[in-house]
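For reference, the chains in residue letters:
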Amino acid sequence: MKTQMLLAAEGEHNPIIPEPAEIVVGLIAFLLLLFVLWKYAVPRFEKIYAERSERIEGGIAKAEAAQAEAQRTLEQYKSQLAEARAEAARIRDDARAEGQQILEEMRTQAQTESERIINQGQTQLAHQRAQIVAELRSDLGRQAVELAGRIVGESLEDEARRRGTVDRFLDELEATSAPASSESAKA
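Owing to the predicted nature of the structure, the values given are computational and were not obtained by experimental measurement.

Q: Please provide a residue-by-residue account of the overall build of the chain, values included.
A: Regarding its fold elements, the chain presents 3 helices and 0 strands. Helices (α) and strands (β) of the chain occur, in sequence order from the N terminus, as α-α-α. Counting across all 187 residues of the chain, residues that qualify as buried make up 3%. With an accessible surface of roughly 16,800 Å², the chain has 61% of that area assigned to carbon and sulfur atoms.

This is how it looks when you write it as structure tokens:
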């Protein structure tokens, strides 16, 4: 078996070990390929890599700038919102104060109007009372003169005498009714 291997090794070519010419050609082809790649492909790859890096870094910078702008906008929005809330609270407080002032003015006006109406009513009442008292005096005086004329039997037609008699009678009547009304008020 050893002999067969030796014979095979001497006469035939071993497929595992390459021929020296193939090694030289392969090495030259590899070096040529390496030179072409190093001269043309690697600079393009470097250029594309640099552009891509710049784009990525630019995108990151843009994103950071956009994020910073968004943060500034958010802070500005929060500030404006706080100002708007403060303004709304101030407007609400002003409206409440103005409402209270209007309410007080309306109460004052209503009180004044009420007092005016009461005073006007009291004045009308006093006027009507005076008118009724005058009518009653006149009517009572006429009836008293007529009754006195019947009792006395003479005519009391003299106007001055009749008026004096009636006035005196009514004054006496008022004087006697005034103490009685004050005593009933005390009880």
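Q: With reference to specific residues and values, describe the UniProt feature "transmembrane region" (unreviewed entry) in the chain.
A: The positions that UniProt labels "transmembrane region" (unreviewed entry) are, in the present scheme, residues 23-42. Between the C-alpha atoms that bound residues 23-42 the distance is 26 Å, and the span itself is 100% helix and 0% strand.

Q: Hey, could you go over the environment of Thr 165 for me, with residue numbers and the actual values?
A: Within the fold, Thr 165 resides in helix H3 (residues 159-186). Measuring from C-alpha to C-alpha, the distance between Thr 165 and Ala 144 comes to 9.1 Å, with 21 residues separating the pair along the chain.

Q: With reference to specific residues and values, describe the confidence of the model for the chain.
A: Overall, the predicted model of the chain reaches an average pLDDT of 83, with 83% of residues at or above 70. Within the chain, the element-level pLDDT minimum falls on helix H1 (residues 2-11), averaging 52, and the maximum on helix H2 (residues 20-152), averaging 90.

Q: Describe a nonpolar patch on the surface, naming the residues involved and giving the relevant values.
A: On the surface, Leu 27, Phe 30, Leu 31 and Leu 34 cluster together into a nonpolar patch covering about 400 Å² of accessible area. One can find Leu 31 in helix H2. Leu 31 sits in the partly exposed class, given a relative accessible area of 48%.

Q: I'd love a proper account of the pattern of salt bridges, names of residues and values included.
A: Under the definition given, this model contains 6 salt bridges. The shortest N-O distance in the salt bridge between Asp 93 and Arg 96 comes to 3.4 Å. Taken together, the residues Asp 93 and Arg 96, both in helix H2 and 3 residues apart, mark about one turn of the helix. Judged by its relative accessible area of 44%, Asp 93 is partly exposed. When its relative accessible area of 53% is taken as the criterion, Arg 96 is described as exposed. One salt-bridge network, held together by shared partners, links Glu 87, Arg 90 and Asp 94.

What counts and what doesn't
Residues numbered from 1 in each chain as written. Predicted model: local features only at pLDDT ≥ 70, side-chain atom pairs only at ≥ 80, totals over all residues. Heavy atoms only, no water. Helix = DSSP H or I, 4+ residues; strand = E, 2+ residues; numbered from the N terminus. Buried < 20%, exposed > 50% of the residue type's maximum accessible area, 1.4 Å probe, protein only. Areas by Shrake-Rupley, 256 points an atom, 1.4 Å probe, with all protein chains shown as cover. UniProt positions renumbered as here; feature names shortened; annotations may be inferred. pLDDT = per-residue confidence, 0-100. Patch = residues over 30% accessible without salt bridge, like charges linked within 9 Å, V, L, I, M, F, W, Y side chains within 5 Å. Salt bridge = Lys/Arg side-chain N within 4 Å of Asp/Glu carboxyl O.

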